[in-house]
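Next come the chains, spelled out residue by residue.
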Amino acid sequence: MRYSHLKELEEEAIYVMREVAAQFERPALLFSGGKDSITMVHLAHKAFRPAPFPFPLVHIDTGHNFPETIEFRDNLVQRYNARLIVGSVQESIDKGRVKEETGPDASRNALQTVTLLDTIKEHQLDAALGGGRRDEEKARAKERFFSHRDAFGQWDPKNQRPELWNLYNGRKNAGEHFRVFPLSNWTEMDVWQYISEEQVPIPNIYFAHKRNVFNRNGVILADTDFVTPQENEKVYEETVRFRTIGDATCTGAVISNASTMEEIIQEVAAARSTERGNRSDDKRSEAAMEDRKKLGYF
């Protein structure tokens, strides 16, 4: 089945990527191993082929990734013959740049901010392409395509540049950089329909599979080496899949039997919660995402 609106979204995203290549000297594409960043790589390939896309992939590795994500990342890098830059949260901890959280709800997700900013500084990146979409979360709905970051990597949602007639202002001072979001106008459904239409490979973790899980405050977490179930949290086997992929300590699964792309699309169409509704890190406060973004997160 073909979705006519996807061509327009594809052309818009490719236009933004080419603008980045034209305006910036050292751009990079932030790669998490999730469906949005995978779609971004596919679009970058289409935007610049037959030449390779002109920027490296940057993965901020929390050390608490699902094994399927890392395996897929390495295969993708090899398939596209891409350059991969890995920023390690564990190294940031070892260097004393960040302090590891403790307690049952400890997560390294928030620690990624320092590692990301350090990686951007180390490699002198002036633009970082991300797969963020405005429908994901209310803080992300405030973003522009070209999102300015000051010399401290911080974002000011009340002082953003206008973007009229597809004109994107990439002017910056020394030490500043931009986050760029070519998928801004896409929805979760658009991404799934595009992946289906383009037959883009994705990790098996997105499809229904049996996994040992436990319930923590309404979030179904995978039983991994990175998180320890409490005495009242019973581990059991369930057929689940993941709508979003992130740190295994805070990324919840959904009970599902969707094992094909068509079934995933039908499930997303019937869903009454956002894909990040199963991310426990977003529930720490009403403004959790916006607070992290102001400090330089994604």
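Quantities reported herein were computed from a predicted structural model and do not represent experimental measurements.

For the rest of this paragraph, the subject is the sheet that holds strand β8 (residues 219–222). An order of β8-β7-β9-β10 is seen for the four strands of this open sheet, with the pairing classed as antiparallel. Each end of this open sheet is capped by a strand with a single partner; those strands are β8 and β10 (254–255). Bridge count between strand β7 (residues 209–216) and β8: four bridges; the pairing is antiparallel. Paired with F214 across the two strands is L221, which belongs to β8.

Quick look at the nonpolar core now. Judged by nonpolar contacts, the single largest core of 58 residues is most densely connected at F53, L57, F146 and W192. At the level of elements, α1 (5–23), α2 (35–48), α3 (67–80), β4 (127–129), β6 (177–180), α6 (188–198), β8 and α7 (261–270) are the ones that each hand at least two residues to this core. Once residues within four sequence positions are removed from consideration, F53 is found in contact with V41, A44, H45, F48, Y80 and A82. I60, I85, I93 and A128 belong to the second largest nonpolar core, which has 13 residues in total.

This part takes up the packing of α1 against α6. The contact between α1 and α6 brings their axes to 11 Å, and the two run at 95°. Classed by the angle they form, the pair α1 and α6 counts as roughly perpendicular. Counted together, H5, L6, L9 and E10 of α1 and D190, Q193, Y194, E197 and E198 of α6 form the full contact between these two elements. Grouping the constituent residues of the contact of α1 with α6 by class yields three nonpolar, two polar and four charged.

Now for the packing of α1 against α2. One can describe the packing of α1 onto α2 by two numbers: an axis separation of 9 Å at closest approach and a directional angle of 70°. Comparing the axis directions of α1 and α2 gives the class roughly perpendicular. Listed contacts from α2 to E10, A13, I14, M17, R18 and A21 of α1 are M40, L43, A44, K46, A47 and F48. Classifying every residue of the contact of α1 with α2 gives nine nonpolar, no polar and three charged.

The grouping of L164, W165 and L167 at the surface amounts to a nonpolar patch, some 420 Å² of accessible area in total. Mapping W165 onto the fold places it in the loop between β5 (146–149) and β6. Residue classification places W165 among the exposed residues on the basis of a relative accessible area of 74%.

What counts, and at which threshold
- Residues numbered from 1 in each chain as written.
- Predicted model: local features only at pLDDT ≥ 70, side-chain atom pairs only at ≥ 80, totals over all residues.
- Heavy atoms only, no water.
- Pairing = 2+ DSSP bridges.
- Helix = DSSP H or I, 4+ residues; strand = E, 2+ residues; numbered from the N terminus.
- Core = buried A, V, L, I, M, F, W, Y, C linked by side-chain atoms within 4.5 Å.
- Buried < 20%, exposed > 50% of the residue type's maximum accessible area, 1.4 Å probe, protein only.
- Contact = heavy atoms within 4.5 Å.
- Axes fitted to C-alpha atoms, helices over the stretch in contact; angles between N-to-C directions.
- Parallel < 35°, antiparallel > 145°, perpendicular 65-115°, else oblique.
- Nonpolar A, V, L, I, M, F, W, Y, C, P; charged D, E, K, R; others polar.
- Patch = residues over 30% accessible without salt bridge, like charges linked within 9 Å, V, L, I, M, F, W, Y side chains within 5 Å.
- Areas by Shrake-Rupley, 256 points an atom, 1.4 Å probe, with all protein chains shown as cover.
- Salt bridge = Lys/Arg side-chain N within 4 Å of Asp/Glu carboxyl O.

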